[in-house]
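# Summary of structural features
Each chain, written out:
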Amino acid sequence: MNDSVRREALAAEAAPAATELTAREQAVFTLLRAHPGRLYTRADILERVWGLDFSGDERVVDAYVNRIRRKLEGGGGPRIETVRGAGYRCVLPENPERPAWPDLPQWPVGARRLLELVSAAGDRPDDLLQGLLDSLDSVPGLDSLTLLRLSPHASPEVLAAAGSPPPRWPPLPAPGAAGGTGSGPLSGLITLPTASGTTPGTMSGIVSSVDAPVLLLPVPTAAEPGLTLAFTGQPGAEWDADVQASLRGAAAPVAGALHRALEVRAGQQALGQLREQVRVLEDRAVKARQDSAALLGLTHLLEDARSVPDILNVSLPVLAELAGTDACAAWFTHAGGPASAALHRTGLPVTPPARHVSDPAHPGDLTVEIGDQTLSLRPVGTRTQAASPLLPVAARCAALALTQATLLRALERTALTDEYTGLGNRQAFLADLHAEVAFAARHGAQFAVTLVDLGNIRYLNATSGYAGGNDLISRLARTLRTVTRIEDRAYRLNGATFALLLRLPQEPGGAVRGWQDRLGAALTQLKQAAPVPLDLQTSLVVCPQDAASTSELLRQALEELGPVQPPAPPLPGTADHPLSSPQDRRRPHDG
């Protein structure tokens, strides 16, 4: 047997039936048992057990393994397993029955005491101190045991305690501070005054009858130089040198266990803080994903919203959700702006908070500029979660959509409005006329087209100047506004030609007669008040009675233009009679 085999045999644990094995069998078993699970080929076993000079058949290993198996059979210990085509390995039993501490009786008393405390208390420093305190019930007057961390010019920090420690420790000299034993940690017996408001204790070998004895024992550790065990006695107790020695002897074995317990507790606290931070980060990540999805949804909704109310309806619930409140209110600070609105984060309308233009700004208000107006957004409600960082971004998205809608509305108004009179222009008239023709054809409704033309506008411009002509055109536009109803619309088609669209009832006779009377009276009054003679002409065409298409309505209205006639008193019995022809409607008072 070579030296390596001897070393492995000495280090390996003896088998349960080792007395029945021969020396060569024991060497083979020890080699396999020293490294459980490791695969050995026949060549490996021959080299380690028989040596390099062995020249026999390697099948001898199989014979020895079979004999070892027969001798160890039924012992409940390790077994040798054959790996076909490879070699042998040792397999340990799943639950080996062996003593946890086979040499426990030979341990020192302190080590056995430490094992008992750790086994009973686990890794909690308070339980370790309590177990140590319970084992010292023979010490006279021992009241509590405290683990302190000393710090200069401050009261000690209590890390763990057992028994009834003082409610508040006075400042004690820290390691290396004045009052300690040289430059080392504070150690020894001191007195702790029991009356509140007294000065800190001093190092003393004689204990006063009104003071409590305290034995301070530093816990030797490089990581925590200020750790100190404090044995506190009852007031008036006296501890001689033998008691102090017994306390020191009892505390010595648990110093390392206490340090380890503090490390375990610090690790658990750090793990708890880490888990809390991970939970907070996960919550933030979930909230960020939700906010991002809400912002993305808002951008999609704003693409389809065109008017200011539509934009507020889709944006206010999202803004309330991002603001962490129940609802969000919006209003324009200028008097001419749209009315205030408030929506719950579920999309339901709520009562907006009372606010005036002169009110001071609220701390939670968001202000965005939309053209020449200012939009104020205010989160309201009892829900007070933290606002999302995406809230300003969402507010800017809503403000951009409102700005675009406002500008688009202004462009549409400019494109469809006559800049001089404020009436609709030719494009607006044609668009509305097409819509009215389609509506009348679909629903069987009726409407009328009226043209009003100032025929001598060129003569007026030549005699009175363009200023005088423009003034007469403005007067004519104001006159048309006064005679139209809220559902009627007036337009300026070109320089001095105006058009009106009039909604009519199912039986339009009386309504047409009343409209002609109002228009004739107003235009007659305008002619009488004008400084120069006016050539005013009018016409009226009913759809679909007179024409059913846009081109036919315009053509017939232009053909029927005639001088304005003042209204005449209605004939008896004919005031509400329907007009039979366009000629009769144009001159209802002619005989």
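Use the structure listed above.
Residues numbered from 1 in each chain as written. Predicted model: local features only at pLDDT ≥ 70, side-chain atom pairs only at ≥ 80, totals over all residues. Heavy atoms only, no water.

### Regarding the overall build of the protein chain
Scanning the protein chain from terminus to terminus reveals 15 helices and 16 strands. A total of 591 residues make up the protein chain; the buried ones form 39% of that total. Summed over all atoms, the accessible surface of the protein chain reaches about 32400 Å², with 55% contributed by carbon and sulfur. (Helix = DSSP H or I, 4+ residues; strand = E, 2+ residues; numbered from the N terminus. Buried < 20%, exposed > 50% of the residue type's maximum accessible area, 1.4 Å probe, protein only. Areas by Shrake-Rupley, 256 points an atom, 1.4 Å probe, with all protein chains shown as cover.)

### What to know about helix H14 (residues 550-559)
Residue pairs spaced three or four apart in an α-helix point in one direction, given the helix's 3.6 residues per turn. Within H14, the full set of buried residues consists of Thr550, Leu553, Gln556 and Ala557. Along the long axis of H14, the arc covered by the buried residues comes to 140°, so they all point the same way. Among the exposed residues of H14, those pointing more than 90 degrees away from its buried face are Ser551, Leu558 and Glu559. (Arc of directions from axis to C-beta.)

### A word on the environment of tyrosine 420
Within the secondary structure layout, tyrosine 420 lies in the loop between helix H10 (391-415) and helix H11 (426-443). Judged by relative accessible area, tyrosine 420 falls into the partly exposed class, the value being 42%. For the pair tyrosine 420 and serine 474, spaced 54 residues apart in sequence, the C-alpha separation works out to 7.9 Å. When sequence neighbours within four positions are dropped, the list of residues in contact with tyrosine 420 reads Asn470, Asp471, Ser474 and Arg492. Among the polar contacts listed, one links the side chain of tyrosine 420 to the backbone oxygen of asparagine 470, at a separation of 3.2 Å. (Contact = heavy atoms within 4.5 Å. Polar contact = N/O pair within 3.5 Å; in protein donor to acceptor, adjacent residues only side chain to side chain.)

### Considerations on the environment of leucine 553
One can find leucine 553 in helix H14. Sequence separation between leucine 553 and leucine 540 is 13 residues, and the spatial gap between their C-alpha atoms is 9.5 Å. Every residue in contact with leucine 553, bar those within four places of it in the chain, is listed here: Leu433, Val437, Phe447, Val541, Val542, Cys543 and Ala547.

### Some details on the sheet that holds strand E6 (residues 211-218)
Strand order in the open sheet made by the five strands is E4-E3-E7-E6-E5, with antiparallel pairing throughout. Pairing within the sheet leaves two strands with one partner each, and these edge strands are strand E4 (157-163) and strand E5 (188-193). When strand polarity is set aside, the average angle formed by the axes of neighbouring strands in this sheet is 25°. Pairing between E6 and strand E7 (residues 227-233): five bridges, direction antiparallel. Within E7, the residue paired with leucine 216 across the bridge is alanine 230. (Pairing = 2+ DSSP bridges. Axes fitted to C-alpha atoms, helices over the stretch in contact; angles between N-to-C directions.)

### Some points on the pattern of salt bridges
With the rule as written, the count across this model stands at 20 salt bridges. Between aspartate 62 and arginine 59 there is a salt bridge, and its shortest N-O distance comes to 3.3 Å. The structure contains a network of salt bridges with shared partners spanning Asp432, Glu436, Arg489 and Arg503. (Salt bridge = Lys/Arg side-chain N within 4 Å of Asp/Glu carboxyl O.)

### Overview of unusual backbone geometry
Peptide bonds are mostly trans, and most non-glycine residues show a negative phi. Between cysteine 543 and the following residue, proline 544, the backbone shows a cis peptide bond with an omega angle of 5°. Here proline 544 is to be found in the loop between strand E15 (536-543) and H14.

### Some points on the packing of aromatic side chains
Scanning the entire structure with this criterion turns up three aromatic pairs. For the pair tryptophan 50 and phenylalanine 54, a centre-to-centre distance of 6.0 Å together with 50° between the ring planes defines the contact as tilted. Taking the relative accessible area as the measure of exposure, phenylalanine 54 reaches 30% and is therefore partly exposed. The side chain of arginine 67 reaches across the aromatic face of tyrosine 64, ending 4.2 Å from its centre. Above the ring of phenylalanine 439, the side-chain terminus of arginine 503 is found at 5.9 Å from the ring centroid. (Phe/Tyr/Trp six-rings, centres within 6.5 Å; stacked < 30°, edge-to-face > 60°. Lys NZ or Arg CZ within 6 Å of the ring centre and 35° of its normal.)

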